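Given next are the chains, with one letter for each unit.
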Amino acid sequence: MASTRAAVSRSFLVATATVAVLMLWFCRAIDASVTTPPPAAGNQTRPPALIVFGDSIVDPGNNNALTTLIRCNFPPYGQDFPGHNATGRFSNGRVPSDILASRLGIKEYVPAYLGTELSDFDLLTGVNFASGGCGFDPLTAQLVSVLTMDNQLDLFKEYKSKLARIAGATRAGEIVRTSQYMVVTGTDDLANTYFTTPFRRDYDLESYIAFVVRCASEFIKKLYGHGARRINVTGAPPVGCVPSQRTNAGGLARECVSLYNQAAVVYNAALEEEMKRLNGSAELPGSVLKYIDLYTPLLDMITRPDAYGFEVTNRGCCGTGVFEVTLACNRYTADACRDPTKFLFWDTYHLTERGYDLLMEQIINRYGLF
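Everything numeric in this text was worked out from a predicted model, so none of it was measured. (Residues numbered from 1 in each chain as written. Predicted model: local features only at pLDDT ≥ 70, side-chain atom pairs only at ≥ 80, totals over all residues. Heavy atoms only, no water.)

All right, on to the overall build of the protein chain then. Secondary structure assignment for the protein chain yields 13 helices and six strands. By the burial criterion, 52% of the 370 residues in the protein chain qualify as buried. In the protein chain, 71% of the contacts between residues at least 6 apart in sequence involve partners at least 24 apart. Per element, the accessible surface of the protein chain, about 16800 Å² overall, is 57% carbon and sulfur. (Helix = DSSP H or I, 4+ residues; strand = E, 2+ residues; numbered from the N terminus. Buried < 20%, exposed > 50% of the residue type's maximum accessible area, 1.4 Å probe, protein only. Contact = heavy atoms within 4.5 Å. Areas by Shrake-Rupley, 256 points an atom, 1.4 Å probe, with all protein chains shown as cover.)

If you walk across this open sheet you meet the four strands as 1-2-3-4, and the pairing is parallel. A strand with exactly one partner marks an edge of an open sheet, and here the two such strands are strand 1 (50-54) and strand 4 (288-292). Across this sheet, the average inter-strand angle for adjacent strands is 20 degrees, counted without regard to direction. Lying on the sheet, helix 3 (residues 96-104) is in contact with strand 1 and strand 2 (180-184); it crosses strand 1 at an angle near 165 degrees. (Pairing = 2+ DSSP bridges. Axes fitted to C-alpha atoms, helices over the stretch in contact; angles between N-to-C directions.)

So, about the state of the cysteines. Here a disulfide denotes a covalent bond joining the sulfur atom of one cysteine to the sulfur atom of another. Here the structure, examined in full by the defined rule, presents three disulfides. Between the sulfur atoms of Cys317 and its disulfide partner Cys337 the distance amounts to 2.1 Å. One disulfide, between Cys317 and Cys337, carries an S-S torsion of -100 degrees and so falls in the left-handed class. A residue pair is termed long-range when its members are at least 10 positions apart, and Cys317 in the loop between strand 5 (312-316) and strand 6 (343-345) and Cys337 in the loop between strand 5 and strand 6 qualify at 20 residues. (Disulfide = S-S within 2.5 Å.)

Here the focus is the packing of aromatic side chains. Enumeration over the complete set of coordinates arrives at 19 aromatic pairs. Pairing Tyr77 with Phe90 gives two aromatic rings, centres 6.5 Å apart and planes at 75 degrees, and the pair type is edge-to-face. Of this pair, Tyr77 sits in the loop between strand 1 and helix 3 while Phe90 sits in the loop between strand 1 and helix 3, and the two are 13 residues apart along the sequence. You can call Tyr77 buried: its relative accessible area is 1%. Considering the side-chain rings of Tyr203 and Tyr208, the 5.8 Å spacing of their centres and the 65 degrees angle between planes classify their relative orientation as edge-to-face. (Phe/Tyr/Trp six-rings, centres within 6.5 Å; stacked < 30°, edge-to-face > 60°.)

Here the focus is the nonpolar core. Judged by nonpolar contacts, the single largest core of 60 residues is most densely connected at Phe53, Phe156, Ile220 and Leu223. Of all the elements, helix 9 (residues 205-225) adds the most residues to this core, at twelve residues. Formed by 32 residues, the second largest nonpolar core is a distinct cluster that contains Ala101, Ile106, Ile292 and Leu359. (Core = buried A, V, L, I, M, F, W, Y, C linked by side-chain atoms within 4.5 Å.)

All right, on to the packing of helix 8 (residues 187-194) against helix 9 then. It is the contact of helix 8 with helix 9, at a shortest axis distance of 11 Å, that shows an interaxial angle of 140 degrees. By the angle class used here, helix 8 and helix 9 are oblique. In this structure, the crossing between helix 8 and helix 9 has a hand that is right-handed. Note on element contacts: helix 9 touches helix 8 through Leu205, Tyr208, Ile209 and Val212, opposite Asp189, Leu190, Thr193 and Tyr194. Here the residues of the contact of helix 8 with helix 9 are counted per class, giving six nonpolar, one polar and one charged. (Parallel < 35°, antiparallel > 145°, perpendicular 65-115°, else oblique. Left-handed = near helix turned anticlockwise from the far one by under 90°. Nonpolar A, V, L, I, M, F, W, Y, C, P; charged D, E, K, R; others polar.)

Glancing now at the pairing of strand 1. Of all five residues in strand 1, five are buried, a share of seventy percent or more. Of the two faces of strand 1, the one carrying Leu50, Val52 and Gly54 and the one carrying Ile51 and Phe53 are both buried. Here strand 1 pairs with strand 2 via five bridges, running parallel. Bridge assignment links Val52 to a residue of strand 2, and that residue is Met182.

Turning next to the packing of helix 12 (residues 295-303) against helix 13 (residues 353-367). In a pair of packed helices, the angle between the axes and the distance between the axes together describe the arrangement. Running from N to C, helix 12 and helix 13 point in directions that differ by 130 degrees, and their axes come no closer than 10 Å. By the angle between their axes, helix 12 is oblique relative to helix 13. Pair helix 12 / helix 13 crosses with right-handed handedness. Taking contact as the criterion, the partners of Pro297, Leu298 and Met301 in helix 12 are, on helix 13, Gly355, Leu358, Leu359 and Gln362. Split into classes, the residues belonging to the contact of helix 12 with helix 13 amount to five nonpolar, two polar and no charged.

Before going further, it helps to examine the pattern of salt bridges. Where side chains of opposite charge bring their charged atoms close, a pairing between them can arise. Counted according to the given criterion, the structure contains 15 salt bridges. Residue Glu353 pairs with Arg94 through a salt bridge whose shortest N-O separation is 3.1 Å. Here the residue Glu353 occupies a position in helix 13, and Arg94 occupies one in the loop between strand 1 and helix 3, the gap between them amounting to 259 residues. The class of Glu353 is buried, set by a relative accessible area of 18%. (Salt bridge = Lys/Arg side-chain N within 4 Å of Asp/Glu carboxyl O.)

Let us look at the pairing of strand 4. Within strand 4, four of the five residues are buried, which leaves it mostly tucked inside the rest of the structure. Pairing of strand 3 (residues 230-234) with strand 4 involves five bridges; the strand directions are parallel. For Asn232, the partnering residue across the bridge sits in strand 4 and is Lys290.

Before going further, it helps to examine unusual backbone geometry. Residues Pro75 and Pro76 are joined by a peptide bond in cis, for which omega reads 5 degrees. Relative to the elements of secondary structure, Pro76 occurs in the loop between strand 1 and helix 3. Positive phi, close to 60 degrees, is recorded for Ser145, a residue that is not glycine. As for its position among the elements, Ser145 is in the loop between helix 5 (138-143) and helix 6 (149-167). Even without glycine at this site, Thr326 takes up a positive phi of about 45 degrees. Position of Thr326 among the secondary structure elements: in the loop between strand 5 and strand 6.

Given below as structure tokens:
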């Protein structure tokens, strides 16, 4: 104010105009704050944490703490992860949950809940309960001694208690309510439990798909009951075009298995319909559920590799790429390919980091970040 008085003889008109503009801006800002409604929950505010449930597509190493053959905490897995560290992620580098957390601006990697020294920051910004080999069908996980989805929910309850201890009950409840949730599973139910083993053959395919969708629905309801509101649920990929399934059932030419892909299409349609039914319903008031289509973008990447800069999409980078996955993909019996960026698949079931990165880019472009 003193400097304004000192300069009044030179700049009275300029100062007056400046004050007028500032006052007009201030009034408009006040008016906007009063009349503009807050952003809709789940649509505009960046989530404080990313919390993940699912299978090997997003498992960052929980299976390392389990007695199971479904693990990959050894080279060449992780060869392109920072420090060339085989963390237990089923890829050469990052997995979709890491990529999403980074794009959300939360953190670069979502850590495994089991077998990891978790800091307060880790707990406050989200953890990952996914277990490679599981499915919505509890039998899928039991067959390979990994965490069922209900086991993952039990760990989530434990996590919430830890969160309350470091953040206080009120803040912890807010984090749980406003966090983004990622649920990625169901592929193993079709590819392994139904098509590969005889243990669910008392169902015909249509009945089994209906059963798995019911299991998915029950899981989402339970997760909602524990406080989750913003939940993304992915469908199945084109199961019949995964290298392992080409090898198992694609004949000598290792073609995509049309029956398996058709099953994925039917399953995805039923799952999407169930998510639409539950979303914001009287049964789950305030919920924001999104069904995420993996099938369409991944099939496009498989069938049009040149458009994405890939050279190989029918086999994995590891070894021959025909059957190597988990324990069979190792540095003693199966060297990795020279350049994983040219391969869509890392092993015969999971994508390379570049594959996941391009897949997530398409998903985010279609559905947004939150």
